[in-house]
Amino acid sequence: MEPLSPIMLGFFGSLAAGSLTAVGAIPVLFGRIPSRATRDLSLGFAAGVMLAASFFSLIIPALDAAELRYENAAAPAAIVCLAILFGMGAVALMNEKLPHEHFSTGREGPEAASLRRVWLFIIAITIHNFPEGLAVGVGFGADGLSGGMPLAIGIGLQNAPEGLAVAVSLLGEGYSKGRAWGIAALTGMVEPIGGLIGAGIITFSQPLLPWGLAFAAGAMLYVISHEIIPETHRSGHQNKATLGLSIGLVIMLFLDVWLG
Ligand SMILES: [Zn+2]
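The shown structure was predicted, so the numbers you read here are calculated from the model rather than taken from an experiment.

Let us look at the coordination of the zinc ion. Coordination of the zinc ion by the protein involves Met-50 (SD), His-128 (NE2), Glu-132 (OE), Gln-158 (OE1), Glu-162 (OE) and Glu-162 (OE), with metal-donor separations of 1.7 to 2.8 Å. Angles of 52 to 160° at the metal separate the 6 donor atoms of the zinc ion, which places the site in the irregular class. In the primary structure, the donors to the zinc ion are separated according to the pattern M-x77-H-x3-E-x25-Q-x3-E. Pair noted here: Gln-158 and Glu-162 are both in helix α5 (residues 117–172), with a separation of 4 residues, about one helical turn. Each member of the pair, Gln-158 as well as Glu-162, is classed as buried.

See the structure below:
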């Protein structure tokens with residue numbers, strides 16, 4: 001059997017990771033909703049995984065890739081710093097330009113009132129999930145299976161509590177169990193699109209590799225700080241949220257070193 005191209009790996013890897021969003025949301029179908037404290041703990045876990053993935057699976061490989069191209073140490077560091085800031089800026093810009101609704105902070109952006117709530121949710125999660133798909137795709141594009149697998153597994157794991165959080169929010173808005181689950185599942189399907197784009201860009205242009213890796217890291221870091229951590233601290237479960245974050249962080253670190 002011929003090995004899959006990095007682009008196909010990027011697509012299938014991010015598709016698999018994105019599918020775990022739907023798996024995580026399954027409890028709502030049966031009306032079994034974990035307590036808020038448990039959800040905050042598991043969403044904290046998601047933040048920890050994203051945090052470790054940003055540094056160990058994206059920023060360090062970005063520095064390694066940049067160092068191969070330049071003699072002095074300042075140029076690779078500068079490239080990676082710039083790309084992180086671009087990634088953060090890109091998500092900040094999307095947050096500002098697209099009308100959407102966060103789990104916690106409510107409506108932001110223009111014309112939010114005229115759009116149906118469900119679409120505001122979908123856009124918010126799209127903004128969130130796109131960088132995650134991008135990260136998985138860039139990982140496979142950069143270094144094949146060993147570069148992409150830790151990211152696909154880590155991002156997949158943290159998608160489960162995120163899918164549950166979205167479905168529970170929709171349930172709270174009065175959506176039926178089936179629709180709440182279906183919409184949460186759909187938000188995960190942005191990831192293969194991001195994955196395809198990420199793997200494609202890296203495969204076609206090697207010089208873009210450090211930029212792509214660090215850009216995806218910056219985009220994820222923005223989401224962690226802007227959305228996930230505030231959400232997990234909103235209901236007074238900071239201790240559980242931080243416990244979840246520590247567990248997610250070390251698991252992702254371990255996965256990256258073990259499989260990477
Ligand atoms: Zn996430």
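Once you've had a look at it, read on.
Moving on, we get to the pattern of salt bridges. For the structure shown, the criterion picks out 3 salt bridges. Of the charged contacts in the structure, one is a salt bridge between Arg-36 and Asp-40, with a shortest N-O distance of 3.3 Å. Separated by 4 residues within a single helix, Arg-36 and Asp-40 lie in helix α3 (residues 36–67), roughly one turn from each other. Using a relative accessible area of 23% as the deciding quantity, one classes Arg-36 as partly exposed. Across the salt bridge formed by Glu-231 and Arg-36, the nearest N and O atoms sit 3.2 Å from each other. Of the two residues, Glu-231 is situated in helix α8 (residues 209–233) and Arg-36 in helix α3; the sequence distance between them amounts to 195 residues.

Before going further, it helps to examine helix α9 (residues 238–259). Given a rise of 1.5 Å per residue, 22 residues ought to cover 32 Å, and the 31 Å separating the end C-alpha atoms of α9 matches this to within 8%. Within the span of α9, buried status applies to Ala-241, Gly-244, Gly-248, Met-252, Leu-255 and Asp-256. Down the axis of α9, the buried side of the element spans an arc of 95°, and every buried residue falls inside it. In α9, those exposed residues whose orientation departs by more than 90 degrees from the buried face are Asn-239, Phe-254, Val-257 and Trp-258.

With that out of the way, let us pick up the packing of helix α4 (residues 74–97) against α8. Running from N to C, α4 and α8 cross one another at 50°; their axes reach a closest spacing of 7 Å. In terms of axis orientation, α4 runs oblique to α8. In this structure, α4 crosses over α8, and the sense of that crossing is right-handed. In this structure, α4 uses Ile-79, Val-80, Leu-82, Ala-83, Ile-84, Phe-86, Gly-87, Met-88, Ala-90, Val-91, Ala-92 and Asn-95 to contact α8, whose residues at the interface are Pro-210, Trp-211, Ala-214, Phe-215, Gly-218, Ala-219, Leu-221, Tyr-222, Val-223 and His-226.

What follows concerns the packing of aromatic side chains. Overall, the coordinates contain 3 aromatic pairs when judged by the stated rule. An angle of 70° between the planes, with centres 5.3 Å apart, marks the rings of Phe-11 and Phe-12 as edge-to-face. Relative accessible area serves as the criterion here: at 25%, Phe-11 is assigned to the partly exposed category. Pairing Phe-254 with Trp-258 gives two aromatic rings, centres 6.0 Å apart and planes at 45°, and the pair type is tilted.

A few words now on the packing of helix α6 (residues 177–188) against helix α7 (residues 190–204). One way to put it is that α6 packs onto α7 with a least axis distance of 4 Å and a crossing angle of 5°. Comparing their axes, α7 and α6 come out roughly parallel. The segment α6 lies against α7, with Leu-186, Thr-187 and Gly-188 engaging Val-190, Glu-191 and Pro-192. Class assignment of the residues belonging to the contact of α6 with α7 gives a composition of 3 nonpolar, 2 polar and 1 charged.

Rules behind the numbers
- Residues numbered from 1 in each chain as written.
- Predicted model: local features only at pLDDT ≥ 70, side-chain atom pairs only at ≥ 80, totals over all residues.
- Heavy atoms only, no water.
- Donors = N, O, S within 2.8 Å, 3.2 Å for Na, K, Ca; no water.
- Tetrahedral: all angles 85-135°; square planar, octahedral: opposite > 155°, others 65-115°.
- Helix = DSSP H or I, 4+ residues; strand = E, 2+ residues; numbered from the N terminus.
- Buried < 20%, exposed > 50% of the residue type's maximum accessible area, 1.4 Å probe, protein only.
- Salt bridge = Lys/Arg side-chain N within 4 Å of Asp/Glu carboxyl O.
- Expected span 1.5 Å × (residues − 1).
- Arc of directions from axis to C-beta.
- Axes fitted to C-alpha atoms, helices over the stretch in contact; angles between N-to-C directions.
- Parallel < 35°, antiparallel > 145°, perpendicular 65-115°, else oblique.
- Left-handed = near helix turned anticlockwise from the far one by under 90°.
- Contact = heavy atoms within 4.5 Å.
- Phe/Tyr/Trp six-rings, centres within 6.5 Å; stacked < 30°, edge-to-face > 60°.
- Nonpolar A, V, L, I, M, F, W, Y, C, P; charged D, E, K, R; others polar.

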